[in-house]
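# Structural description and commentary
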Amino acid sequence: MTFQNTLEFAKQLDASDKLSPYRNEFHYPQVNGKDVIYFTGNSLGLQPKRTQQFVDEVMKDWRELAVEGHFYADKPWWDYHERLAKGLSKVVGARPKEISVMNTLTVNLHLLMVSFYRPTEKRFKIICEEKAFPSDQYMLQSQVRFHGLDPNDAIVEVKKREGEHAWRTEDIIQTINEVGDELALVLMGGVNYYNGQVLDMEAITKAGKDVGAFVGWDLAHGAGNIKLDLHDWNADFAAWCSYKYMNSGPGNASGIFVHERHLGKEDIPRFEGWWGTKKETRFLMKPEFDAIESADAWQLSNPPILSIAPYLASLDIFDEVGMDAIIEKQKLIVAYLEFVLQEIDKEVDSTFEIITPEARGCQLSVFLHGEGKAIFDYLMKNGVITDWREPNVIRLAPAPLYCSFQDMFNFGQILKEGIQKK
């Protein structure tokens, strides 16, 4: 398709966009009396309008049924979380029994590492990417120290090549092979939060498994954003938050994936709690743990219903639309945003450098050479909600469910005005 940086062309793209009706499914902040152009779905997704109904339903059941809501609500709290497994399995490429929803992301990664980071005297090293999201770094370091090891010895970071902004798959695989028999775990961000790069998770998982290591993925920026096939890729485990591309609300419940080959095993190390026991025997209050033969065995406590209800509301939309349609629009709208940036670059003195490689999802990270944070402030004051990272990078994530092609054009015009008014 030959793009044009005109309002008319952007409107044409919107007119042919099958997802455009879903813009009306979301609430938008307003600046200067107008809906904002929202580029920060990679941090916190917009609120679906149907979320209120799902939350109100839980509040009504709590008010009218109290404890009996566990069994007699329209959606009983007893098995409320199970309603998400089928929808999430389609989002992440898994089988429903491999999915559970509980806790928050870093909590879940810690719990999964209990099962999948089992260092020995010989095999104790972890491979991650350099400058991983800070929470992942803290988690890995604390897990290593918990096992009496030195993070400087146990954690191997794969670096980008000098002068490059993205990782090369061959470098990651080479590092895996070099660590070899000492490698206990590969745990990386499947989509990098800073540059938006999508790693070749299938190839990296295979390489890790080939040397005898466990392989897990932090999919905070992947779930609801890119095509995932966790089961077929043979990953051991994964976890993701729900409040970015999946629009569940701030800090809400995390999803986990545990490959079916690890399910139903009595000897797997795991921190355990009441809600991981089989429903059939749970209220017998037996002293022995009787594990559910699904990823729900990793649950500890009864699920946080008020946290899960917005997630279920959002999954309603994902079920209606389907990941294929979301990814189809994602590719087109990101390509159009890239084109708009390139066209504006020709009209201003500053230079834009997109550091996100072609292996990408919804995000473009852009160096604004010649610009400081004043341009970010200008964008925000003029209704463009985006994200600034030092020294001069903005992250732009046009989520397909609620961003329009006209948003991309209008953003380009506001960006140009802000630069020219310096």
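A brief look at the structure comes next. All values derive from a computational prediction rather than experimental measurement.

### Considering the sheet that holds strand β4 (residues 99-102)
- Ordered in space as β4-β10-β9-β8-β7-β5-β6, the seven strands form an open sheet in which the pairing is mixed. Strand pairing shows two members of the sheet lacking a second neighbour, β4 and β6 (155-158), which therefore form its edges. Going across the sheet, the axis of each strand differs from the next one's by a mean of 20°, ignoring polarity.
- As paired elements, strand β8 (residues 214-218) and strand β9 (residues 237-240) share three bridges and run parallel to each other. The residue of β9 that forms the bridge with Gly216 is Phe237.
- Sheet contacts for helix α4 (residues 85-92): β4 and β9; angle to β4, the most-contacted strand, approximately 110°.
- Packed on one face of the sheet, helix α5 (residues 105-116) meets β4, β5 (125-129), β7 (183-189), β8, β9 and β10 (254-258) and runs near 170° to β9.

### Brief notes about the packing of aromatic side chains
- Applying the stated criterion across every chain, the model contains 20 aromatic pairs.
- Measuring from ring centre to ring centre gives 5.3 Å for Phe116 and Phe214, while their planes differ by 75°; the resulting arrangement is edge-to-face. Residue Phe116 is located in helix α5, and its partner Phe214 is located in strand β8; the two are separated by 98 residues in the primary sequence.
- On the basis of relative accessibility, which here comes to 0%, the residue Phe116 falls in the buried class.
- One aromatic cluster in this structure is built from Phe3, Phe9, Tyr336, Phe339 and Phe405.
- Geometry around Trp298 places Arg270 over its ring, the cationic atom sitting 4.6 Å from the centre.
- The ring of Trp275 has Arg282 sitting right over it, with the charged end atom 4.2 Å from the ring centre.

### A closer look at the pairing of β5
- Here β5 lies mainly inside the structure; five of its five residues are buried.
- Residues Lys125, Ile127 and Glu129 line one face of β5 and the alternating positions Ile126 and Cys128 line the opposite face, and both faces are buried.
- As judged from the three bridges shared by β5 and β7, these two strands associate in the parallel manner. The partner of Ile127 across the bridge, within β7, is Val186.
- When β5 meets β6, the two strands line up parallel, connected through four bridges. Among the inter-strand pairings, Glu129 is bridged to a residue of β6, identified as Val158.

Reading the values: rules and limits
Residues numbered from 1 in each chain as written. Predicted model: local features only at pLDDT ≥ 70, side-chain atom pairs only at ≥ 80, totals over all residues. Heavy atoms only, no water. Pairing = 2+ DSSP bridges. Helix = DSSP H or I, 4+ residues; strand = E, 2+ residues; numbered from the N terminus. Axes fitted to C-alpha atoms, helices over the stretch in contact; angles between N-to-C directions. Contact = heavy atoms within 4.5 Å. Phe/Tyr/Trp six-rings, centres within 6.5 Å; stacked < 30°, edge-to-face > 60°. Buried < 20%, exposed > 50% of the residue type's maximum accessible area, 1.4 Å probe, protein only. Lys NZ or Arg CZ within 6 Å of the ring centre and 35° of its normal.

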